[in-house]
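What the coordinates show
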Amino acid sequence: MRVRFLGTGAASGWPNPYCSCSSCCDERAAGRARSSTSLLVDEQLLLDCGPAALDGARALHQSLAAVEHVVITHGHPDHLAPAFLLFRHWAHAHQGQTKPHLHLWAPPLALAACEPWIAPQDLGSRVQLHALVAGTQHQLTTANASYTLRTLPASHGRPVEPSSGEPGQDEPDDALASEAVLLDLEDDDGVRLLYATDTGPLSPAALAMTSDREYHLVCIEETFGSFLDHHTGHLDLRTFASTIEHLANTRAITARTTVIAVHLGHHNPPTPKLRDMLAPMGADVVDDGTTLTLSASRADSHSARNIAPRCTHLVLGGARSGKSRYAEGLSAQFDSVVYIACARRDSTDAEWMERIAAHRQRRPGHWRTEETTQLAASIKGHQDEAACILIDCLGTWVTALVDDADAWQDRSRATTVVMSACDALTTAISESRASVVLVSNEVGSGVVPSSASGRLFRDLLGMVNLRVAQVCDKSTLMVAGRGLALADLTAHSTVEDVP
Ligand SMILES: [Zn+2]
Ligand SMILES: [Zn+2]
């Protein structure tokens, strides 16, 4: 599936030509411009067609002649400028050629707004109208492909926080907003796209429909940036982040999903800063005109990509640093991933069990999960060169080893147990034909722990990290969702080797 972004902006575009706020001025000065949001899929399907879709196509030298289906999410003027039907009619009016068919899909009111723009002799024949209602499924066929379109209810027609008493910019009784839908499009090869604009935080019904979809591309609106008190059926940076979380929990978004923020308005910081803010969420922005090519099955992406080169990589970081997500991204390059969870299940600790479940839900369905502390044996058991073994994480592994030896009160025995397991681990990493990605906690930077067991844990894990880093090709330190590649400076220094 080839997806071209004809526009990525909010209703008035970004910059808004009338506006002299710093965000609009920065974008203008940098030569950046975003027209209202519209996507062209495989040159045959157009998702939303506001006034800027045609201008965008013209500016990008993109022909729309092959478009057979136009799908409209709702009738707001930035998503539907029905005069496009007349302009399209003119393209064929005097050429004596057969006019190609067009299928127009839109919610009922939006569809009614289109009718006056269609030549009476074409209505129902050359131009066919199809009403879209949330929760339905349709087959869209073109000359050389077929797509399944599912519609999800948008949350566009009501303010986000009705209790605030503030009227929203989108009136609660805005009928065009109330019938808005989100689009789930799947092609013959199983490539899936979620197009989610305009909407506030997704309803439970919409989220339920994204369950296990494992989209290849998710385009979510992020209209309001750092302006949080807008009380509209749109998203801002805060609700955009929580929407991604929710979609990760339903496994709509996995480590292999490309997430793009669209419908961007001038309450956002300038694009480079916005990109920095989206990166920790696993999202990005693209310029108008960008084309993304999404590969279909794992087998196809495999042959197109070749096998990722073998690599051993240690990913360190503090709590909530983004280390697991980064490691999952590294592993996702491989067609076969074995995920080794070292976390001990403790059914008496509900919060811990929830965290394990959330981690598991985020992982693609085809990854195999093993729960073990026998890391060396596990690595030896998976010696496929095209595979990646992802170990998460060494902190819980060290804890489990000392727990099993009941050695928290016996520093010397704990050290012996952990170091001998670590020796076996580093040997297995060195000899592995499969790639190995290891996640570990960086716990040495804070204050000295007050308890003896806390100090023991810090020292043991520091030693494990040091030894594993020595045998890995790469080490990365994650801080606040950003990664720092660590250089090997130990060649000319003595390495402290006793915890
Ligand atoms: Zn809009
Ligand atoms: Zn709208």
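These figures come from a predicted structure and were not determined experimentally.

The rules behind these values
Think of each chain on its own: its residues are numbered from 1, step by step along the sequence as written. Following the order in which they are written, the chains are lettered starting with A and the ligands numbered starting with 1. Reporting of local features is limited, given that this is a predicted model, to residues whose pLDDT is at least 70; pairs of side-chain atoms are given and counted only at 80 or more, and all residues count toward the totals for whole chains, interfaces and linings. To obtain the side-chain values, all non-hydrogen atoms of the structure were included, while hydrogens and water were left out. Counted as donors are the N, O and S atoms within 2.8 Å of the metal, or 3.2 Å for Na, K and Ca, while water is not among the atoms, so some sites may look incomplete. When four donors show all angles between 85 and 135 degrees the site is tetrahedral, when four or six donors have opposite pairs over 155 degrees and all other angles between 65 and 115 it is square planar or octahedral respectively, and in every other case it is irregular. Numbering of helices and strands runs from the N terminus, with a helix taken as a DSSP run of H or I at least four residues long and a strand as a DSSP run of E at least two residues long. The buried label applies to any residue whose accessible area, calculated with a 1.4 Å probe on protein chains only, is under 20% of its type's maximum; exposed applies above 50%, and partly exposed to all values in between. In this document the domain limits rely on a domain assignment from an automatic tool or a database. Here, two residues are considered to be in contact whenever any of their heavy atoms come within 4.5 Å of each other. Buried area counts how much accessible surface, traced with a 1.4 Å probe, disappears from two parts once they are put together, with both parts' losses summed. The term salt bridge refers to a pairing of a side-chain nitrogen on Lys or Arg with a carboxyl oxygen on Asp or Glu at a separation within 4 Å. In this analysis, axes come from line fits to C-alpha atoms, helices being fitted only over the stretch in contact, and the angle between any two N-to-C directions falls in the range 0 to 180 degrees. We call two directions roughly parallel when the angle between them is under 35 degrees, roughly antiparallel when it is over 145, roughly perpendicular when it lies between 65 and 115, and oblique otherwise. Should the near helix be turned anticlockwise from the far one by less than a right angle, the crossing is left-handed, and should it be turned clockwise, the crossing is right-handed. Side-chain classes are defined by residue name, with Ala, Val, Leu, Ile, Met, Phe, Trp, Tyr, Cys and Pro counting as nonpolar, Asp, Glu, Lys and Arg as charged, and the others, Gly among them, as polar.

All right, on to the coordination of the zinc ion (ligand 1) then. Every protein donor of the zinc ion (ligand 1) is listed here as Asp-78 (OD), His-79 (NE2), Asp-198 (OD) and His-263 (NE2), and their distances to the metal cover 2.1 Å. Geometry at the zinc ion (ligand 1) is irregular, judged from its four donor atoms and the angles of 87 to 165° they form at the metal. Along the chain, the residues donating to the zinc ion (ligand 1) are arranged with the sequence spacing D-H-x118-D-x64-H. Metal-to-metal, the separation of the zinc ion (ligand 1) and the zinc ion (ligand 2) is 3.6 Å; Asp-198 coordinates the two. With a gap of 120 residues between them, Asp-78 in the loop between strand E4 (69–71) and helix H3 (84–93) and Asp-198 in the loop between strand E10 (192–196) and helix H6 (204–209) connect regions that are remote in the sequence. Across the pair, Asp-198 and Asp-78 agree in class, each one buried.

Interfaces are often sized by the accessible area lost when the parts come together. If you check the domain split of the protein, you get domain 1 (2–293) and domain 2 (307–492). The gap between the C-alpha centroids of domain 1 and domain 2 is 41 Å. On the domain 2 side, the residues contacting the 10 residues of domain 1 number 13 residues. In this assembly, domain 1 packs against domain 2 so that about 1,100 Å² is buried in total across both faces, 51% of it on carbon and sulfur atoms. Of all residues in domain 1, Arg-251, Ala-255 and Arg-256 bury the most surface against domain 2, accounting for 43% of the area lost on that side. Where domain 1 packs against domain 2, one counts one salt bridge.

The next subject is the packing of helix H13 (residues 394–405) against helix H14 (residues 411–431). Contact geometry for H13 and H14: axes closest at 9 Å, N-to-C directions at 130°. Our classification of the angle between H13 and H14 gives oblique. In terms of crossing hand, the pair formed by H13 and H14 is right-handed. Of the residues in H14, those touching H13 at Leu-394, Trp-397, Val-398, Leu-401, Val-402 and Ala-405 are Arg-413, Ala-414, Val-417, Val-418, Ala-421, Cys-422 and Leu-425. Across the contact of H13 with H14, the residue classes tally to 12 nonpolar, no polar and one charged.

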